[in-house]
Amino acid sequence: IAIAKAMAIKSQTSPDSELKGLLAQQAYMFNLDMGGYEYDLDIYDGLYYAIKDLKGGETTDLIGHTKAVRALTSSSSGNFVYSAGSDGNVFMWLVNQAQVEPNPIILNAYTNEAIAISNDDQTLAVGGNSNIIQIFDLDNLDNPPRTFTSDEKETRIIAYNHDNTKIVIVGDEGDLYKTENGNI
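Here the residue index of a chain counts from 1 through its sequence in written order. Since the coordinates come from a predicted model, pLDDT governs what is reported: local features require at least 70, and pairs of side-chain atoms require 80 or more to be given and counted, while whole-chain, interface and lining totals use all residues. Note that the side-chain values use all heavy atoms of the structure and ignore hydrogens as well as water.

Enquirer: Explain helix H3 (residues 41-54) to me, using residue names and the numbers behind them.
Expert: An α-helix turns once per 3.6 residues; consequently, residues spaced three or four apart project the same way. The first and last C-alpha atoms of H3 sit 20 Å apart over 14 residues, in line with the 20 Å expected at 1.5 Å per residue. Within H3 the residues assigned to the buried category are Ile43, Gly46 and Ala50. Here the buried residues of H3 occupy an arc of 60° about the axis, which is enough to place them on one side. Between two residues, a contact is recorded if the distance between any of their heavy atoms is within 4.5 Å. A helix here means a DSSP run of H or I that spans at least four residues, while a strand means a run of E at least two residues long, and both kinds are numbered starting from the N terminus. Buried residues in H3 make contact with helix H1 (2-11) and helix H2 (17-33). Here a polar contact is recorded for every N or O atom pair within 3.5 Å, except that within protein the pair must consist of a potential hydrogen donor and a potential acceptor, and residues adjacent in sequence are included only if both atoms are side-chain atoms. Two to three positions downstream of the cap, the backbone nitrogen of Asp42 sits 2.9 Å from a side-chain oxygen, assigning the N-cap of H3 to Asp40. Backbone geometry just downstream of H3 places Gly56 in the positive-phi region, at approximately 80°. For a helix, the expected span equals 1.5 Å multiplied by the number of residues minus one. Using a 1.4 Å probe on the protein chains alone, a residue whose accessible area is under 20% of its type maximum counts as buried, one over 50% counts as exposed, and one in between counts as partly exposed. As used here, the arc is the angular range of directions from the helix axis to the C-beta atoms.

The structure is reproduced here in structure tokens:
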């Protein structure tokens, strides 16, 4: 794990953009393979600066969460990014504007761990350090979300199937659940 961190830090000092990217990617993969901390700051700094260097600095900082961002997803058009954080916030970001501001969707009393957008960009599923799964209608964000509970204490991964009829949830115990129309 120390080698992964060292590679990530070293990647940031390389003048060669391609080498920087390769070192950062290798550091990420090594950290993942060796069971390192999933959200290691040095690892993600290496990736961030490599991408920034390779893309010519065309990045935008999304400033709004007061604690760590735990999950991101984007609409199929790429115009919207949704973030879920340790601060309980779920934000929608319209990223094709000159000034990108967070648009709050909900503030939960717990850490949000997982977020997924349906393949038709109509609904957003959010789960976290709770057994509650929230489903937001993205065309009617003023309406409260549909909610259902799972047997898991925490949701780690959430995803829609190809035709949006099911949501797959992986919990803190590694158990896999699927929903059909909000029923688990």
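Enquirer: Tell me about the packing of H2 against H3, and please be specific about residues and values.
Expert: For any two helices packed against each other, the geometry comes down to the angle between their axes and how far apart the axes lie. To obtain an axis, a line is fitted to C-alpha atoms, over the contacting stretch when the element is a helix, and the angle between two such axes runs from 0 to 180 degrees between their N-to-C directions. Taken N-terminus to C-terminus, the directions of H2 and H3 make an angle of 150°; their axes are 9 Å apart at the nearest point. Comparing their axes, H3 and H2 come out roughly antiparallel. Considering the relative orientation of H2 and H3, their crossing is left-handed. For the pair formed by H2 and H3, the contact residues are Ser17, Glu18, Lys20, Gly21, Ala24, Gln25, Ala27, Tyr28 and Asn31 on the first element and Ile43, Tyr44, Gly46, Leu47, Tyr49, Ala50, Asp53 and Leu54 on the second. Roughly parallel means an angle under 35 degrees; roughly antiparallel, over 145; roughly perpendicular, 65 to 115; everything else is oblique. Helix crossings get a hand from a simple test, with the near helix turned counterclockwise from the far one by less than a right angle marking a left-handed crossing and a clockwise turn marking a right-handed one.

Enquirer: Just give me the short version of the pattern of salt bridges, but keep the residues and values in it.
Expert: When a carboxyl oxygen of Asp or Glu is within 4 Å of a side-chain nitrogen of Lys or Arg, the pair counts as a salt bridge. Summed over all chains, the structure comprises six salt bridges. In this structure, Lys20 and Asp53 form a salt bridge, with 3.8 Å as the shortest nitrogen-oxygen distance. Highlighted residues: Lys20 in helix H2 and Asp53 in helix H3, separated in sequence by 33 residues. Take Asp53: its relative accessible area is 32%, and that puts it in the partly exposed class. Two residues, Glu154 and Arg156, come together in a salt bridge whose shortest N-O distance is 2.5 Å. The exposure class of Arg156 is partly exposed, given its relative accessible area of 37%.

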